[in-house]
Protein chains: 2
Amino acid sequence: MCEANAYLLSDGGETLIMESVDDVIPEGDGLKLVNIFGEQKFVRAAIHSLSLVDHKVFLKDLER
Amino acid sequence: MCEANAYLLSDGGETLIMESVDDVIPEGDGLKLVNIFGEQKFVRAAIHSLSLVDHKVFLKDLER
């Protein structure tokens, strides 16, 4: 399986916000994250960067 | 390996622009894509959405 962990970037580093993410879909003023178990989470963020071999998706907060 | 293929979204659908992408990094007014072979490509685009289990990264053109 090629899911990844989603991290929110901040001044202090990166905060894990969801593991085993499959889909990341724009929705309203943010993103809907869906993991491989079908769980969903909405975040007011955009996709910043990817490091797929490391299974990492980095998001940036839209409220900064 | 958990690389993905990068597609540019357009009105006509999606166009494959790079296979086996590992890193996607913001650079200047676009993105630098790096594949697992170390090849690099710059695109004037942003990351639109992800479908990681399907190994797909969707980019949106910034010039539209």
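Residues numbered from 1 in each chain as written. Chains lettered and ligands numbered in written order. Predicted model: local features only at pLDDT ≥ 70, side-chain atom pairs only at ≥ 80, totals over all residues. Heavy atoms only, no water.

The name given to chain A in an unreviewed UniProt entry is RNA-binding protein, and the organism recorded there is Desulfosarcina alkanivorans.

K.L.:
What's the story with the interface of chain A and chain B in this structure? I'm lost.
P.N.:
Much of the literature gives interface size as the accessible area that the parts lose upon coming together. Listed per partner, the contact involves 20 residues of chain A and 20 residues of chain B. Buried area between chain A and chain B, both sides added, is near 1,700 Å², and the carbon and sulfur share of it is 67%. Counting across the chain A and chain B interface gives zero salt bridges. Seen at the junction of chain A and chain B, the total is eight residue pairs in polar contact (both at pLDDT 80 or more). Of all the secondary structure elements, the ones that give two or more residues to the side of chain A that touches chain B are strand 2 (13–27) and strand 5 (45–51) of chain A. No other element matches the six residues that strand 2 of chain A contributes to the side of chain A that touches chain B. Taken together, the residues of the side of chain A that touches chain B sort by class into 13 nonpolar, four polar and three charged. Sheet topology note: the strand 5 of chain A/strand 2 (residues 13–27) of chain B ladder contains two bridges and is antiparallel. Its bridge partner lying in strand 2 of chain B, Ser51 of chain A is registered against Asp23 of chain B. (Contact = heavy atoms within 4.5 Å. Buried area = accessible area lost by both parts, 1.4 Å probe. Salt bridge = Lys/Arg side-chain N within 4 Å of Asp/Glu carboxyl O. Polar contact = N/O pair within 3.5 Å; in protein donor to acceptor, adjacent residues only side chain to side chain. Helix = DSSP H or I, 4+ residues; strand = E, 2+ residues; numbered from the N terminus. Nonpolar A, V, L, I, M, F, W, Y, C, P; charged D, E, K, R; others polar. Pairing = 2+ DSSP bridges.)

K.L.:
Can you walk me through the pattern of salt bridges in this structure?
P.N.:
It is possible for side chains bearing opposite charge to pair when their charged atoms get close. Residues and elements named next belong to chain A. In total, this model carries six salt bridges over all chains according to the counting rule given. Taking the shortest distance from any N to any O, the salt bridge between Glu14 and Lys56 comes out at 3.6 Å. Of this pair, Glu14 sits in strand 2 while Lys56 sits in strand 6 (residues 56–61), placing them 42 residues apart in sequence. Take Glu14: its relative accessible area is 41%, and that puts it in the partly exposed class. Between Asp29 and Arg44 there is a salt bridge, and its shortest N-O distance comes to 2.2 Å. (Buried < 20%, exposed > 50% of the residue type's maximum accessible area, 1.4 Å probe, protein only.)

K.L.:
I'm lost on the relation of the copies chain A and chain B in this one. Help?
P.N.:
Once turned by 180 degrees and shifted 0.0 Å along the axis, chain A lies on chain B with an RMSD of 0.0 Å. Look at the turn and shift together and you get a two-fold axis relating the two. Identified as the residue of chain A closest to the rotation axis by C-alpha distance is Cys2 of chain A, at 2.6 Å. Most of the interface of chain A is mirrored in chain B, where 100% of its interface residues are also at the interface. (Least-squares fit on C-alpha atoms with pLDDT ≥ 70 in both.)

K.L.:
Can you help me understand the pairing of strand 2 of chain A in this one?
P.N.:
Looking down a regular strand, the side chains alternate between one sheet face and the other. All names here are of chain A. Pairing of strand 1 (residues 4–10) with strand 2, which is carried by six bridges, proceeds in the antiparallel orientation. Considered in strand 2, the bridge of Ala4 is made with Val21. Hairpin connection, strand 2 to strand 3 (residues 30–35): the antiparallel pair is bridged by two residues, and Gly28 has positive phi, about 55 degrees.

K.L.:
When you look at the environment of Met18 of chain B in this model, what are you seeing that I'm missing?
P.N.:
Residue and element names in this part refer to chain B. Topologically, Met18 is positioned in strand 2. Overall, the relative accessible area of 7% leaves Met18 in the buried class. Counting along the chain gives 23 residues from Met18 to Lys41, while the straight-line C-alpha distance between them is 8.0 Å. Beyond its immediate chain neighbours, meaning those up to four positions away, Met18 contacts Ala4, Asn5, Ala6, Leu33, Asn35, Glu39, Gln40 and Lys41.

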